[in-house]
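# Coordinates in review
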Amino acid sequence: SSILLSISGHLFNSFAEMQRKWWMSKPENKGKVYTKGFFSITRHPNYFGDILFFGGWVLLARDWKPMLLLPIMIHGFYTE
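It should be emphasised that the depicted structure is a prediction, and the values quoted were computed from it without experimental measurement.

About the thresholds
Residues numbered from 1 in each chain as written. Predicted model: local features only at pLDDT ≥ 70, side-chain atom pairs only at ≥ 80, totals over all residues. Heavy atoms only, no water. Phe/Tyr/Trp six-rings, centres within 6.5 Å; stacked < 30°, edge-to-face > 60°. Helix = DSSP H or I, 4+ residues; strand = E, 2+ residues; numbered from the N terminus. Buried < 20%, exposed > 50% of the residue type's maximum accessible area, 1.4 Å probe, protein only. Contact = heavy atoms within 4.5 Å. Expected span 1.5 Å × (residues − 1).

Next up on the list: the packing of aromatic side chains. Tallied over the full model, the rule gives 8 aromatic pairs. With a centroid separation of 6.3 Å and 70 degrees between ring planes, the pair formed by Phe 53 and Trp 57 is classed as edge-to-face. A residue pair is termed a helical-turn pair when its members lie 3 or 4 positions apart in one helix, as Phe 53 and Trp 57 do in helix α2 (residues 45-61) at 4 residues. Aromatic rings pair up to connect Phe 12, Phe 15, Trp 22, Phe 38 and Phe 48 into one cluster.

Here we come to the side chain of Asn 46. Its location among the elements puts Asn 46 in helix α2. Residue class for Asn 46 comes out buried when judged on its relative accessible area of 18%. Residues contacting Asn 46, with those up to four places away along its chain left out, are Asn 13, Glu 17, Arg 20 and Phe 39.

Quick look at α2 now. Taking 1.5 Å per residue, 17 residues should reach 24 Å; α2 reaches 24 Å between its end C-alpha atoms and fits that length. Listing the buried residues of α2 in full gives Pro 45, Asn 46, Gly 49, Leu 52, Gly 55, Gly 56 and Val 58. Elements that come into contact with the buried residues of α2 comprise α1 (2-24) and α3 (69-77). Directly after α2, the chain includes Arg 62, whose backbone phi takes a positive value near 55 degrees.

Structural data, given as structure tokens:
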């Protein structure tokens, strides 16, 4: 299940980026904000996908120490 979680996170992240890239490649969308696809569900699908991906790796490690990385990573998403 941890591998499935990591694969799901990777696919979520990658497909969200592909959706936005396809949309941004159209000249009529230049300068606009993409709010469809996965971006209609969450403001930062990349971060959500990363959390799933690394969360799967944490579970795969079967140790509590890698779990410390998740809050640090999440904190890094929202600070400059």
